[in-house]
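# Commentary on secondary and tertiary structure
Spelled out, the chains give:
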Amino acid sequence: PRGVVGVIAPGNFPIAGLYRSVFPALLLGNAVVLKPSEHSPRSSAWFVRQLQAELPPHVLELIQGDGQVGAALVAADIDACVFTGSSRVGAEVERSCQQRGIAVSAEQGGNDAAIVLGDAELPRTVAGITHWALQNAGQACGAIEVVYADSRIAGPLAERLADAFRRLQAPTEPGLSGTLAPLAHEGQLRAVLAQLEDAIAKGAEVLCGGGHRGLFMEPTVLANCTDDMLVVSEETFGPLLPIVAVDGPADAIRRVNRGRYGLTASLWTADTARAEVLARDLDVGVVTVNNHAFTGAIADLPWSGRRDSGHGIANSAWSLLTFARPKTVVVDRSHGVEPFWAPFDDDLVELGHLLADAQRGRIARAFRIPLLLQRRAARVKAFFGIG
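Residues numbered from 1 in each chain as written. Predicted model: local features only at pLDDT ≥ 70, side-chain atom pairs only at ≥ 80, totals over all residues. Heavy atoms only, no water.

### Focus: the sheet that holds strand β2 (residues 31–35)
With parallel pairing, the five strands of this open sheet are ordered in space as β3-β2-β1-β4-β5. The open sheet terminates on both sides in strands that have one partner only, identified here as β3 (60–62) and β5 (103–107). Strand-to-strand twist of the sheet, defined as the mean angle between neighbouring strand axes without regard to direction, takes the value 15°. Here four bridges tie strand β1 (residues 4–8) to strand β4 (residues 80–84), and the two strands are oriented parallel to one another. When the bridges of β4 are listed, V7 appears paired with V82. Here helix α1 (residues 19–27) sits on the sheet in contact with β1, β2, β4 and β5, set at roughly 160° to β2. The sheet contacts of helix α2 (residues 41–52) involve β2 and β3, and relative to β3 the element is tilted by about 155°. (Pairing = 2+ DSSP bridges. Helix = DSSP H or I, 4+ residues; strand = E, 2+ residues; numbered from the N terminus. Axes fitted to C-alpha atoms, helices over the stretch in contact; angles between N-to-C directions. Contact = heavy atoms within 4.5 Å.)

### A closer look at the nonpolar core
With 33 residues, the main nonpolar core has V116, I129, V147, L157, L161 and L241 as its most contacted residues. When residues of this core are traced back to their parent elements, those giving at least two are β6 (112–116), α5 (122–134), β7 (144–150), α6 (154–169), β8 (205–208), β11 (220–223) and β12 (240–246). Element by element, the count of residues in this core is highest for α6, at seven residues. Not counting residues within four places of it along the chain, the set of residues in contact with V147 comprises A114, V116, I129, L157, L241, P242, I243 and V244. One finds L183, M229, V231 and L282 within the second-largest nonpolar core, a separate group that totals 32 residues. (Core = buried A, V, L, I, M, F, W, Y, C linked by side-chain atoms within 4.5 Å. Buried < 20%, exposed > 50% of the residue type's maximum accessible area, 1.4 Å probe, protein only.)

### Considerations on the side chain of T130
As for its position among the elements, T130 is in helix α5. Contacts of T130, omitting those with residues within four sequence positions, involve L161, A164, F165 and L168.

### Quick word on the pairing of β6
Counting buried positions along β6 gives five out of five residues, so the element sits mostly inside the fold. Here β6 runs beside β7; their pairing, made up of five bridges, is parallel. Opposite D112, over in β7, you have I144 as the bridge partner. Handedness of the β-α-β unit built from β6, α5 and β7 comes out right-handed. Pairing analysis gives four bridges linking β6 to strand β13 (residues 264–268), with the strands arranged parallel. (Right-handed = clockwise from strand over helix to strand, strands pointing away.)

### Examining the layout of surface pockets
Reported here for the second largest pocket is a volume of approximately 240 Å³. Mapped onto the lining of the second largest pocket, the elements with two or more residues apiece are β6, β7, α8 (230–233) and α9 (249–257). A class-by-class count of the residues in the lining of the second largest pocket yields eight nonpolar, five polar and five charged. (1 Å grid on protein atoms, 1.4 Å probe; cavity = no way out; pocket = protein on both sides within 12 Å on 5 of 7 lines; lining within 4 Å. Points joined across faces, edges and corners; volume = space filled by probe spheres on them. Nonpolar A, V, L, I, M, F, W, Y, C, P; charged D, E, K, R; others polar.)

### Side note on the pattern of salt bridges
Counted by the stated rule, this structure contains 20 salt bridges. One salt bridge connects D251 with R255, and the closest N-O pair in it is separated by 3.1 Å. Taken as a pair, D251 and R255 lie in helix α9 at a separation of four residues, close to a single helical turn. Using a relative accessible area of 18% as the deciding quantity, one classes R255 as buried. Residue D345 is joined to R379 by a salt bridge in which the shortest nitrogen-to-oxygen separation is 2.9 Å. Of the two residues, D345 sits in the loop between β16 (313–314) and α11 (346–359) while R379 sits in helix α12 (residues 369–384), which places them 34 residues apart along the sequence. Through salt bridges that share partners, D227, D251, R254, R255 and R258 make up one connected network. (Salt bridge = Lys/Arg side-chain N within 4 Å of Asp/Glu carboxyl O.)

### Digging into the packing of aromatic side chains
The geometry of two aromatic rings is summed up by the distance between their centres and the angle between their planes. Across all of its chains, the model carries four aromatic pairs by this definition. Here the aromatic rings of Y19 and F23 are separated by 5.2 Å at their centres, their planes lie at 20°, and the arrangement is stacked. With a gap of four residues between them, Y19 and F23 both fall in helix α1, about one helical turn apart. On the accessibility criterion, Y19 (40% relative accessible area) is partly exposed. For the ring pair F383 and F384, a centre distance of 5.0 Å and an interplane angle of 75° mean the geometry is edge-to-face. (Phe/Tyr/Trp six-rings, centres within 6.5 Å; stacked < 30°, edge-to-face > 60°.)

Below, the structure written as C-alpha cells:
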C-alpha cells in the first residue's frame, strides 16, 4: 500500500462517485482522507460514517471545505492523490503531486461527442443520445455534450431530438413529471446560460428550450452550430446539446481529436464492424458503439482520458498502481552457481557471443554452448571453494 491516499471528489455523484477511489484504496491497505465537494457535503459525509462504523479508527477520515481545503490536502504528507474535477484545478493537482513524486490520478471532465453516421437507426439513436445528454441534467463527465451528425441526416436528427427534449420538458404522458434534474447551483446555471448566449450570438438556432425556472433549465437543442461556439468547444455540464453537421465520420473524428478533451465518444451506425475500425482513430479513453459512457460503472473496464480530460485511470486492474506500489520478491532455492557470475574469463566472453548468435539464428557453433556452461560453472565453484 502507498500509505495515505487523498481523495478530492466532485459533487455530481456524491456517493456512487466515491466507489472507484475509496474502495480500492481501502482494500489495498491504505488509509484515506476524503474531501468531498462543498456543494454536496452531507451525502458524502453519510457515506463516510457508514464505512467508519466498520473500520478501525482513523483509517478513513473526512475533511470539509472548498478548493483551499483541497489544496491543503494535496500539500499535506499524503502518499497518493485521486482528483476528479475541472481541468484547471486538475492540472494544478497533477503538477503539485508530480513535483513531490507522489502517485496521482486525475479525471478532469470531458466534452463527449456522439458521432452519428448516415446509416444510423434514428429512433434508437435519438433515444440513446437523449438519455446520455440529459442524465443528471447533463452534469456528468461522460455526458454527451455535442453531436457530430452526417450532413445528410443532421436536420432530421436535430428535429427528432428537439421533439424528444420538448416532450420531456413539458410531459404529456402520465408519470413523466419530475424526470429532469436541476442544475446543482447558481454558478453552474450561469455557466450554461453564458454558453447558450454565446451560441445564439454566433448564429445557432434554438430548436427547443432555452429557458429556466430557478435551477431547472429546460432541455435545449441547438442547430447550425459551429466549432467557434463555446458550447461546442468547451465542457457544458448542463442540458444543452449542440448539433454540428459534418462531412462524414472522418471529419467528425478530426474534430474530436483536435479538441481540448478526450474522455469518451460514441459512434452511432448500423455497420458495427466499420465502427470498430473507426474507433481506433478516436483519441479518447473510451469509445462506445450505439450506446454511450455506461462503462464508467463497470469495475473491470478502465475509464481514462486524453489531453485536458486528465491522465489518470479509474476502475479495472489498470487503476491499482495509484493505490499500491509493485514489489518483487524472488527466492532462489537452488544450490548451484550461475555461469555468468564472476570471475570473468574468455569462456564467458565466447559464451556471450554464441548466445547472441543463437538468438539471431546463427547456430553453426551452438554445439559449444553446453561445454562452455559446464566450464563456467566449474570455474566459479573453484574460485569460491564451493564443493
